[in-house]
Amino acid sequence: MWPEASRIRIFMLFPGAEVIHLCSQCHDYPCVASCPVNALSVDKDTLAVKVDREKCISCGKCIDVCPGNIPFLHPGDNKATICDLCDGDPECVKVCREARFDALWLLKQPRQWAEGNLNRKLFAQKPEDLTKDIAENIYGEKAKELV
Amino acid sequence: MPRGYAGKILDIDLSNDKIKDITISEEVLKNYVGGRGLAARILWDRLGKKWQNVDPLGPENLFITLTGPMTAIHPGARVCITGKSPQSNGIIGSTCSGEFPSELKCAGYDGVIVSGKAEKPVYILVTDDKAEIRDAKKVWGTESPETIRILNKEVREELSKRHPKIGVWKEPGMIYCGPAGENRVRTAAVLQKVSHAAGYGGYGAVMGSKNLKAIVAKGRKPLPDVASPSAVRLLWREVDRRLCNREREWPTVHGTGYGGYETAARSSSEPIRNWQEEWHDEKGFGGPKFDYRHWVKRCWSDFNCAGSCMKLAIVKAGPYKGAFTDDPDYELQAYCGPNLGIFEPDKCIYMSALVDYLGFSGINGPNTFAFAAELYQRGILTKRDIGFELTWGDVEAFEKLARKIVKREGIGDVLAEGTYRAALKISEMKGVDATKYAVHVKGVEIGAHGTRSGEDYNPIGYACSPQCGDHTSGVYDAYRDMGSVFSDSAVICSFVQDWELTWDYYRAITGWETTQEEWNRVLGPRIMQIQRAALLLGGPDIVWNPAVHDDNPPRWYEPLPSGPYKGKTTDKKVVEEQKQQFYKAIGWDENGIPKSEILKKLGLEDVDKALEKIRK
């Protein structure tokens, strides 16, 4: 097991206000556009971002341009790491279902909706900003003292 | 290298700013595993010869924090905190859950041993293969939420500076002490998150005595390799299927948060007003009250566990608005509720939150508050002694008392020594016997499960345990008891542990052939013998006499005054009988001292030699 290698990262900058942080697949893919060596591409079927680990030069540009700084360099090979939806059959969904928590599920949309969906990019936020919102939702006014 | 282990332990001397890595031989690991067991061995090796003279709050004591081979690889990762206990003067393995142990193992370390005393407040930062001692000025004196906020920020900023390209750093894991620990209050805990505490043993005070505020760990490496990855994967899923799912009321759906009503109403074994009663039927203190009014999270777990025993309770309205804590867990429901004469969930949440923020153990600290309140009820302590009226149920008064203890002001300085030591002092001050109101076993305030009704804990569970008042490590027959020694040594949570699978799981991780029988007959007892020897040697301020102190507190021989078990009490004759049976089963003589032949058989010649002076 390798917690720091997980493409789904859960930030807990303050206990209780956990942030689930993973690629939200912006409709305009700023990360793909930023890559100087064309190591990033969009999967035709899932619309997920794929990383060619041979090509990646670990420059970190994709992290900087992501509105949520979501990608990270893998602690093993130091290459850009982004959720690839396990090619359309995500392991996270399977294990969550198996455990009967059903907190994760796969959303299926017609291609034309999925491609033009502007809302997804709104989820791409920095963990610190998301923490503030989630903390206020949970702790109310007190959140200001906590995060 | 043994599997399941990171392979190194940090050995830090704060007096001389020295940090080194040590390794433990496979032979020792196989025998003592980790956590409680390994710490007992390390403590004995380093302090055994001078045990009676080691002041638990002096620089010569060790503060030991250890994981085990199963930690973070089995659901329910915990860390075990030990040292010479400032409560029992023996060795207590005290565990708490959170992400610190997994971060530590990913950083390449199985544990940290801290000796000496820093000149000024410090914290230890452990990152991949490296440790450093850092200034803790900013967090000295801060309450728990503030400590977490500041340390998370500081460490993440520092790591981003060192490794600017790799992306956003996730928060580290940490253990820390609160203001109570800093001021060497003997009921102070070592905490993770806001309300996860290693409470028994008083190790928060040991941290404070070393000027050590926190140990922070961030590791980016994988968890250690296991001997059989495919077996571990299969077993993980099976443990998860059996124990971590929504079809289990306990712990997944209700956590322990329904116990505050149930333990009193059903089994009459919940402390009420310093254990003067153990039964109540206050339905307003029932689980649904906490659940519907206060729980904002119902499914919450630490890393690699879907057990979900944690809830998040917040008071949303009224004078206690803003207070937040865990369920509260049953122990805190009881100790910060009925045992202080509080029967309203929002007040109980407020008190639970307060003890967390100040860094008390939620069992031990409030046990002392209730002890003081009973002395006030009986006129032994007066308004003049305390500074205000200390009546049952008065949250504001208990808050004032808690803060006085933390600051060691006036009577607070006496009560900061824990219930038993305070009782001795007050007896002397007032010329009365206050020890009969002290509910403890060998200096350790007892968990919230009584023995009088006969429906909950067994009569010698606490009395003969080397963990004393610890409700998670009671003893019965010197065989089954070894289970908790194992959980504390492999360092996993007993809530998500299935004994049918535990040994296969252990073997799949370590590759060793250890069996349950071998553990229960040899390895577990060996650890218990070391703990027992340390406890009986004790010192320097208190030495226990098994004839007197292997017993329940006097209160537990008074008849229950109310409820369906009214009139019932713990039978002294049964206690004496079971005590002798237990002594015999575990290999102690009729005076409760481990027998020479048994110790020699277990290879503990050094322990045997040290006990000569008390055998006589």
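Predicted model, so just to flag it, every value in this text is computed and none were measured.

Chemist: I'd love a proper account of the overall build of chain B, names of residues and values included.
Modeler: Each helix and strand in chain B was counted, giving 24 helices and 17 strands. Here the C-alpha atoms of chain B give a radius of gyration of 23 Å, agreeing with the 25 Å that 2.2 N^0.38 yields for 616 residues. Once the C-alpha set of chain B is aligned to its principal axes, its extents read approximately 60 × 60 × 50 Å. Among the 616 residues that make up chain B, the fraction classed as buried is 61%. Considering only residue pairs separated by 6 or more positions, chain B has 71% of its internal contacts joining residues 24 or more positions apart.

Chemist: I'd love a proper account of the overall build of chain A, names of residues and values included.
Modeler: The number of helices and strands found in chain A is 7 helices and 6 strands. Relative to the 2.2 N^0.38 estimate, which gives 15 Å for 147 residues, the radius of gyration of chain A is 16 Å and therefore close to what a compact globule would have. Each principal axis of the C-alpha distribution contributes one length, and for chain A these read about 45 × 35 × 35 Å. In chain A, the share of contacts with a sequence separation of at least 24, taken over all contacts with a separation of at least 6, comes to 56%.

Chemist: Break down the sheet that holds strand β4 (residues 78–82) of chain B for me, citing the residues and quoting the values.
Modeler: Residue and element names in this part refer to chain B. Taking strand neighbours across the sheet as the criterion, the 6 strands line up as β2-β1-β6-β3-β4-β5 in an open arrangement whose pairing is mixed. Of all the strands in the sheet, just β2 (18–22) and β5 (94–97) have a single pairing partner and so form its edges. Recorded for the sheet is a direction-independent mean angle of 20° between the axes of neighbouring strands. One ladder, built from 3 bridges, connects strand β3 (residues 63–66) with β4; its direction is antiparallel. Paired with L66 across the two strands is C80, which belongs to β4. Of the strands in this sheet, β3, β4 and β5 touch helix α18 (residues 482–491), which is tilted by about 100° from β4.

Chemist: If you had to explain the interface of chain B and chain A to someone new, which residues and values would you point to?
Modeler: With 31 residues of chain B at the contact, the number on the chain A side is 27 residues. Counting residues per element, the ones that place at least two in the side of chain B that touches chain A are α3 (100–106), α4 (144–162), β13 (295–300) and β14 (310–314) of chain B. Counting residues per element, the side of chain B that touches chain A draws most heavily on α4(B), which supplies 4 residues. Broken down by class, the residue content of the side of chain B that touches chain A amounts to 16 nonpolar, 5 polar and 10 charged.

Chemist: I'd like to hear about the sheet that holds strand β15 (residues 324–325) of chain B, residue by residue, with values.
Modeler: Within a sheet, adjacent strands bond to each other through the backbone by hydrogen bonds, running parallel or antiparallel. Sheet architecture is open: 3 strands sit in the order β13-β14-β15 (chain B), paired in antiparallel fashion. If you trace the sheet from one side to the other, it starts and ends with β13 and β15 of chain B, each paired once.

Chemist: I'd like a rundown of helix α24 (residues 605–615) of chain B, residues and numbers included.
Modeler: In an α-helix, one full turn covers 3.6 residues, which means residues spaced three or four apart are oriented alike. Residues and elements named next belong to chain B. Within the sequence span of α24, burial applies to V607, D608, A610 and L611. Angular distribution of buried residues about the axis of α24 spans 165°; they occupy a single face of the element. Across from the buried face of α24, at angles greater than 90 degrees, the exposed residues are E605, E612 and K613. Contact partners of the buried residues in α24: α2 (35–47), α20 (516–537) and α23 (596–601).

Chemist: Can you tell me about unusual backbone geometry, naming the residues and giving the values?
Modeler: In this model, B:W250 is joined to B:P251 through a cis peptide bond whose omega is 0°. Look at the link from B:D327 to B:P328: it is a cis peptide, with omega at -10°. Relative to the helices and strands, B:P328 resides in the loop between β15 and α11 (330–335). The backbone phi angle of A:N38 is positive, close to 55°, even though this residue is not glycine.

Chemist: Go over the pairing of β3(B), please, and point to the residues and values.
Modeler: Residues and elements named next belong to chain B. Of the two faces of β3, the one carrying F63 and T65 and the one carrying I64 and L66 are both buried. In the sheet, β3 pairs with strand β6 (residues 111–115) via 4 bridges, with the strands oriented antiparallel. When the sheet's bridge partners are listed, I64 is paired in β6 with I113.

Chemist: If you had to explain the environment of B:R242 to someone new, which residues and values would you point to?
Modeler: Counting through the fold element by element, B:R242 comes out in helix α7 (residues 229–243). Between the alpha carbons of B:R242 and B:D498 there is a distance of 8.1 Å; along the sequence they are 256 residues apart.

Chemist: Residue-level account of the environment of B:M351, with values.
Modeler: All names here are of chain B. Structurally, M351 is set in helix α12 (residues 345–358). For M351 and G337, which are 14 residues apart along the polypeptide, the C-alpha to C-alpha distance reads 8.0 Å. Those residues in contact with M351 that lie beyond four places of it in its chain are C336, L340, I342, V395 and F398.

Chemist: I'd like to hear about the environment of A:Q125, residue by residue, with values.
Modeler: Residues and elements named next belong to chain A. Position of Q125 relative to the elements: it lies in the loop between α5 (119–122) and α6 (127–139). Classification of Q125 as buried rests on a count of 20 C-beta atoms within 10 Å. On a C-alpha basis, the gap between Q125 and S24 in space is 9.5 Å, while along the polypeptide they are 101 residues apart.

Chemist: So what's going on with helix α10 (residues 287–294) of chain B? Which residues, and what values?
Modeler: Of the positions making up α10(B), those classed as buried are B:G287, B:F290 and B:H294. Projected down its long axis, α10(B) carries its buried residues within an arc of 100°, all on one side.

Chemist: Tell me what's going on with the nonpolar core, and back it up with residues and numbers.
Modeler: Grouped together as the largest cluster of nonpolar side chains are 198 residues, with contacts concentrated most on B:V126 and B:V190. Of all the elements, α20(B) adds the most residues to this core, at 10 residues. Setting aside anything within four residues of it in sequence, one finds B:V126 in contact with B:L10, B:L104, B:A107, B:Y109, B:A131, B:I215, B:V216 and B:A217. Grouped together as the second largest cluster of nonpolar side chains are 22 residues, A:A39, A:I70, A:I82 and A:C83 included.

Chemist: I'd like a rundown of the confidence of the model for chain B, residues and numbers included.
Modeler: Of the residues in chain B, 100% have a pLDDT of 70 or more, and the chain-wide mean is 97. For this predicted complex, the interface score ipTM comes out at 0.97, while the overall pTM is 0.98.

Chemist: Describe the packing of α18(B) against α20(B), listing the residues and the values that go with them.
Modeler: All names here are of chain B. Viewed as axis vectors pointing N to C, α18 and α20 meet at an angle of 70°, and their least axial separation amounts to 9 Å. It follows from the interaxial angle that α18 and α20 lie roughly perpendicular. Helix-helix and strand crossings are classified by hand; for α18 and α20 the assignment is left-handed. Contacts from M482, V485, F486 and S489 of α18 reach α20 at W519, N520, G524, P525, I527 and M528. Partitioned by chemical class, the residues of the contact of α18 with α20 number 7 nonpolar, 3 polar and no charged.

The rules behind the values
Residues numbered from 1 in each chain as written. Chains lettered and ligands numbered in written order. Predicted model: local features only at pLDDT ≥ 70, side-chain atom pairs only at ≥ 80, totals over all residues. Helix = DSSP H or I, 4+ residues; strand = E, 2+ residues; numbered from the N terminus. Rg over C-alpha atoms; globule rule 2.2 N^0.38 Å. Buried ≥ 20, exposed ≤ 12 C-beta atoms within 10 Å, placed from the backbone. Contact = placed C-beta atoms within 7 Å. Pairing = 2+ DSSP bridges. Axes fitted to C-alpha atoms, helices over the stretch in contact; angles between N-to-C directions. Nonpolar A, V, L, I, M, F, W, Y, C, P; charged D, E, K, R; others polar. Arc of directions from axis to C-beta. Core = buried A, V, L, I, M, F, W, Y, C linked by C-beta atoms within 7 Å. pLDDT = per-residue confidence, 0-100. Parallel < 35°, antiparallel > 145°, perpendicular 65-115°, else oblique. Left-handed = near helix turned anticlockwise from the far one by under 90°.

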